[in-house]
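These are the residues of each chain, in order.
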Amino acid sequence: MNTMLRKSILGIAGLTVAGGLAAGPLNHSDGTPAPRESAVAVQTRLDTATLIPHGVQGAQSHIDLDDEQTANAKAIIAATKKTGMDERAAVISIATSLQESKLENLGHLGDRNDHDSQGLFQQRPSSGWGTVEQITDPEYSTTAFLKALKQVDGWQDMPLTVAAQTVQVSAYPDHYAQWEQQAADIVAQHWNS
C-alpha cells in the first residue's frame, strides 16, 4: 500500500476513534457518564460462554478467600495450564475444591474426617489417589483430579456438578454446583496473571 493512501486511512480511522470518544455513549441520554466496570467484571462477562457454558445451577455460595486459599486457587490454575487443559477445567477443579475443602489444603482431621480424605480435593490414599504427601501437594492433587476428569467421556459438555461428581463420587453430588460462579470469577481473575 502506498504511503499516501496508508496515511489517509490511518487519519480517517483516528478521526473516527476520536469522534467516538468525544461523543461518548450514544444511548445515555441524561448527560452523565456511563459507569465503568472493573476489568474482572468485564473479563467474567466476556468469558461466560467458556467458563460457565450451562449457566449456574441453583443458589450460589461465596466465601472470602485469604492469602493461602488464593495461593491454592492459583496453584490449581497453574496445574491446569501445565496439563494443557482449558479454563473450564480450572473452573470445575476450583469449584470442586471449594466444596471439598474451601480451597484449604487439609490434613487428616481425626474424627471430623471422612475416612482418610485429605488435601484440596479431599482425595483418599486408600482409594488410590496417591500418598498423603502427594495428595496434600496442590499441583499433584490437581493433576490427579484433572487426569480423572479427562477420563470422563464428554466432561466438557456436562454441567459442572455432574463432571465433578463423576470424578469425586461424593455423598452430596449436587453440592458442587453452588460454587460455579465463584470458581469462574477466580479463574477469570487469575488465568492470565
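Residues numbered from 1 in each chain as written. Predicted model: local features only at pLDDT ≥ 70, side-chain atom pairs only at ≥ 80, totals over all residues. Heavy atoms only, no water.

Enquirer: A description of the packing of aromatic side chains should follow, citing residues and the corresponding values.
Expert: The final tally for this structure, using the stated rule, is one aromatic pair. Each ring, one from Phe121 and one from Phe145, has its centre 4.9 Å from the other, and the planes form 15 degrees; the classification is stacked. One end of the pair, Phe121, is in the loop between α5 (87-101) and α6 (132-135); the other, Phe145, is in helix α7 (residues 138-150), with 24 residues separating them in the sequence. Across the pair, exposure class does not vary: Phe121 and Phe145 are buried alike. Its guanidinium or amino end placed over the ring of Trp191, Lys81 lies 5.0 Å from that ring's centre, counting from NZ or CZ. (Phe/Tyr/Trp six-rings, centres within 6.5 Å; stacked < 30°, edge-to-face > 60°. Helix = DSSP H or I, 4+ residues; strand = E, 2+ residues; numbered from the N terminus. Buried < 20%, exposed > 50% of the residue type's maximum accessible area, 1.4 Å probe, protein only. Lys NZ or Arg CZ within 6 Å of the ring centre and 35° of its normal.)

Enquirer: Could you give an account of helix α9 (residues 180-190), with specific residues and numbers?
Expert: Taken across its eleven residues, α9 has eight buried, putting it largely inside the fold. Among the residues of α9, those classed as buried are Glu180, Gln182, Ala183, Ala184, Ile186, Val187, Ala188 and His190.

Enquirer: Residue-level account of the side chain of Ser97, with values.
Expert: On the secondary structure map, Ser97 appears in helix α5. A distance of 3.1 Å separates the side chain of Ser97 from the backbone oxygen of Leu120, its partner in a polar contact. In contact with Ser97, other than residues within four places in its own chain, are Ile76, Lys102, Leu103, Leu120 and Phe121. (Polar contact = N/O pair within 3.5 Å; in protein donor to acceptor, adjacent residues only side chain to side chain. Contact = heavy atoms within 4.5 Å.)

Enquirer: How would you sum up the packing of helix α4 (residues 67-82) against α7? Please name residues and give values.
Expert: At a minimum axis distance of 9 Å, the contact between α4 and α7 shows a crossing angle of 50 degrees. As far as their axial angle goes, α7 and α4 are oblique. Where α4 crosses over α7, the handedness of that crossing is right-handed. For the pair α4 and α7, contact is made by Asn72, Ala75, Ile76, Ala79, Thr80 and Lys82 and by Pro138, Glu139, Thr142, Thr143 and Leu146, respectively. Here the residues of the contact of α4 with α7 sort into five nonpolar, four polar and two charged. (Axes fitted to C-alpha atoms, helices over the stretch in contact; angles between N-to-C directions. Parallel < 35°, antiparallel > 145°, perpendicular 65-115°, else oblique. Left-handed = near helix turned anticlockwise from the far one by under 90°. Nonpolar A, V, L, I, M, F, W, Y, C, P; charged D, E, K, R; others polar.)

Enquirer: Run through the pattern of salt bridges, naming residues and quoting values.
Expert: Tallying each qualifying case throughout the model produces two salt bridges. Residue Glu139 is joined to Lys82 by a salt bridge in which the shortest nitrogen-to-oxygen separation is 2.8 Å. Linking Glu139 in helix α7 with Lys82 in helix α4, this pair joins segments that are 57 residues apart in sequence. Its relative accessible area of 36% is what places Glu139 among the partly exposed residues. A relative accessible area of 64% places Lys82 in the exposed class. Note that Arg88 is salt-bridged to Glu180, the shortest N-O span being 2.7 Å. With Arg88 in helix α5 and Glu180 in helix α9, the pair connects residues that are 92 residues apart, well separated along the chain. A residue is classified by how much of its surface remains accessible, and Glu180, at 2% relative accessible area, is buried. (Salt bridge = Lys/Arg side-chain N within 4 Å of Asp/Glu carboxyl O.)

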